[in-house]
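# Close look at the chain arrangement
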Amino acid sequence: MIPIAKPLMGKKEIENVTEVLKSGMLASGEWVKKFEKEFANYIGVKHAIAITSGTVALDSALKVLGIREGDEVIVPDFTFIATANAVLFQNAKPVFADISEKTFNIDPDDIAEKITPKTKAVIGVHLFGHPFNVKVLQEICEDYNLFLIEDSAQAHGAEFDGKKVGNFGIMSCFSFYATKNMTMGEGGMITTGDKEIERKLRLIINHGQSEKYLHTELGYNHRMTNIQAAIGIAQLKKLDMFNNKRIENAEYLSKNIKAKGIIKPEKEKNIKHVYHQYVIRVGKRKELIRYLNDKEIGNAIHYPLPVHLQPLYKKLGYSSEICPVATQLSNEVLSLPVHPALKKEELEYVCETLNNWR
Ligand SMILES: Cc1ncc(COP(=O)(O)O)c(C=O)c1O
């Protein structure tokens, strides 16, 4: 089976982890500080705060902004559920905006429709590695005095107008889950240019501790370990190489898939797409999945339901009538392998197999 995702761990990751294990300094320490510094430099932002996951990054970002019960936060309807759940964690209300058919990203016109006096923030998601329209979202947020948060969980190294994602919101949240463009199994990072926000984040992820055993706020333990950071440091050095391979693979797929009934992904001109996923649209999806499974080609549906139709959100009383584009696309999308471990023969086989479908 050609897998849909494959983490690539090498000698350097093993060497770094071995060094940490031998040192005995396993919890958060110098390796985490080094990883934060190198990640901030890579993104081109002042501060990077390492954390245990992308979900916790989003939760912490909303907490430090003081989002609470009675507030509304606009999120795209088509995303991994953690984006919206981060709003629920604050007892606030996620308000779903529809998406663009072309990029799968949040539709700025629909954001404008969904703003109310209760709206406090917008979370834009750089879905599948394609940056959302940062410029328009920044303008909307400025006009209505809203916080913009980037969910960059799928877009390490992606760019908008030549600048890396992670630079555009008041905070930007990354995930290092096993399938992501760089990984240490689980992990996350928040980037920000704001010193005061950095200070608050460091407090809430470490028991609200301002000095050793002096706790000024209610905080959690969301600290990354040195073991995770040691892998992260090695992965970050390879991120551009991984992303270039993803882009090359995506370009190969786009050039060589000629099967009828398949719509290939598009990209905007002013962006660098890092193809966390290569997502096609297909009418006869079930049939194609059966065929690909038979031919041992890994595939996955990202995502089979728009968030508002998830049972959790139905229970919360969300109407099924909202966000028709997200609803339609969730019936059509299918991700194909695009990860950097793919061999040329495998890519050829994927294209040939697709072109022989039916
Ligand atoms: C868009 C998006 N947001 C948030 C997350 C949550 O990240 P994590 O799995 O690290 O908690 C993910 C991860 O899958 C994601 O894809």
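Everything here concerns the structure above.
So, here's what we can say about the structure. (Residues numbered from 1 in each chain as written. Predicted model: local features only at pLDDT ≥ 70, side-chain atom pairs only at ≥ 80, totals over all residues. Heavy atoms only, no water.)

## Quick look at the overall build of the chain
Assigned secondary structure in the chain consists of 12 helices and 15 strands. Over its C-alpha trace the chain gives a radius of gyration of 20 Å, about what one expects of a compact globule, namely 21 Å for 358 residues. Within the chain, buried positions represent 56% of all 358 residues. Counting only contacts in the chain whose residues sit at least 6 apart along the sequence, the fraction spanning at least 24 positions is 71%. Carbon and sulfur atoms make up 52% of the accessible area of the chain, which amounts to about 16,300 Å² in all. Of the charged side chains in the chain, 47 are positive and 44 negative, and the gap between their average positions amounts to 4 Å. (Helix = DSSP H or I, 4+ residues; strand = E, 2+ residues; numbered from the N terminus. Rg over C-alpha atoms; globule rule 2.2 N^0.38 Å. Buried < 20%, exposed > 50% of the residue type's maximum accessible area, 1.4 Å probe, protein only. Contact = heavy atoms within 4.5 Å. Areas by Shrake-Rupley, 256 points an atom, 1.4 Å probe, with all protein chains shown as cover. Lys, Arg positive; Asp, Glu negative; His and termini not counted. Charge placed at Lys NZ, Arg CZ, Asp CG, Glu CD.)

## Section: the sheet that holds strand β15 (residues 333-336)
Pairing within the open sheet is antiparallel, and its three strands lie in the order β12-β14-β15. What marks the edges here is a single partner per strand, and that holds for β12 (262-263) and β15. Sitting on the sheet, helix α9 (residues 285-294) touches β12, β14 (278-282) and β15, and the angle it makes with β15 is about 20°. (Pairing = 2+ DSSP bridges. Axes fitted to C-alpha atoms, helices over the stretch in contact; angles between N-to-C directions.)

## With respect to the nonpolar core
A general feature of soluble globular proteins is that nonpolar side chains tend to end up buried together. The biggest cluster of nonpolar side chains holds 42 residues, and the ones touching the most others in it are F78, F96, F104, I123 and M171. It is helix α3 (residues 54-64) that provides the largest number of residues to this core, a total of six residues. Counting residues in hydrophobic clusters, the runner-up holds 25 residues, among them Y278, I297, L334 and V350. (Core = buried A, V, L, I, M, F, W, Y, C linked by side-chain atoms within 4.5 Å.)

## Topic: helix α2 (residues 30-43)
Its 14 residues give α2 an end-to-end C-alpha distance of 20 Å, which sits within 8% of 20 Å, the value for a rise of 1.5 Å per residue. Turning to α2, its buried residues number three or more, namely W31, V32, F35, E36, F39, A40, Y42 and I43. End-on, the buried residues of α2 take up no more than an arc of 165°, which puts them together on one face. Exposed positions of α2 whose direction lies more than 90 degrees from the buried face are E30, K33, K37 and N41. (Expected span 1.5 Å × (residues − 1). Arc of directions from axis to C-beta.)

## Some details on the pattern of salt bridges
On inspection of all chains with the given rule, the structure shows 18 salt bridges. With its nearest N and O atoms 3.5 Å apart, the salt bridge here joins E348 to K344. Of this pair, E348 and K344 both sit in helix α12 (residues 344-355), separated by four residues, roughly a single helical turn. Residue classification places E348 among the partly exposed residues on the basis of a relative accessible area of 32%. The exposure class assigned to K344 is partly exposed, which follows from its relative accessible area of 49%. Each member of the salt-bridge network shares a partner with another, and the members are E36, K195, E198 and R202. (Salt bridge = Lys/Arg side-chain N within 4 Å of Asp/Glu carboxyl O.)

## A short note on the pairing of strand β3 (residues 93-97)
For β3, the buried fraction is high: four of the five residues fall into the buried class. Bridging between strand β2 (residues 72-76) and β3 involves five bridges; their strand directions are parallel. Across the sheet, residue V73 finds its bridge partner in β3, namely P94. With helix α4 (residues 82-88) bridging β2 and its parallel neighbour β3, the resulting β-α-β unit is right-handed. (Right-handed = clockwise from strand over helix to strand, strands pointing away.)

## Some words on the environment of K272
Mapped onto the secondary structure, K272 falls in strand β13 (residues 271-272). Look at K272 and you get partly exposed, because its relative accessible area is 23%. Taking the C-alpha atoms as reference points, K272 and N221, 51 residues apart in sequence, are found 35 Å from one another.

## Observations concerning helix α1 (residues 11-23)
Its 13 residues give α1 an end-to-end C-alpha distance of 18 Å, which sits within 8% of 18 Å, the value for a rise of 1.5 Å per residue. Taken together, the buried positions of α1 are E13, N16, V17 and V20. The arc that holds every buried residue of α1, seen down its axis, measures 95°, which confines them to one face. Those residues of α1 that are exposed and angled more than 90 degrees off the buried face are K11, I14 and K22. Each element contacted by the buried residues of α1 is listed here: α2 and α8 (226-256). Phi for G24, located one or two positions after α1, is positive at around 80°.

## Looking at unusual backbone geometry
At the junction of H302 and Y303, the peptide bond is cis and its omega measures out at 10° in the coordinates. In this fold, Y303 is placed in the loop between α9 and α10 (311-315). Positive phi, normally seen in glycine, also occurs at F104, with a value near 70°. Taking the relative accessible area as the measure of exposure, F104 reaches 6% and is therefore buried.

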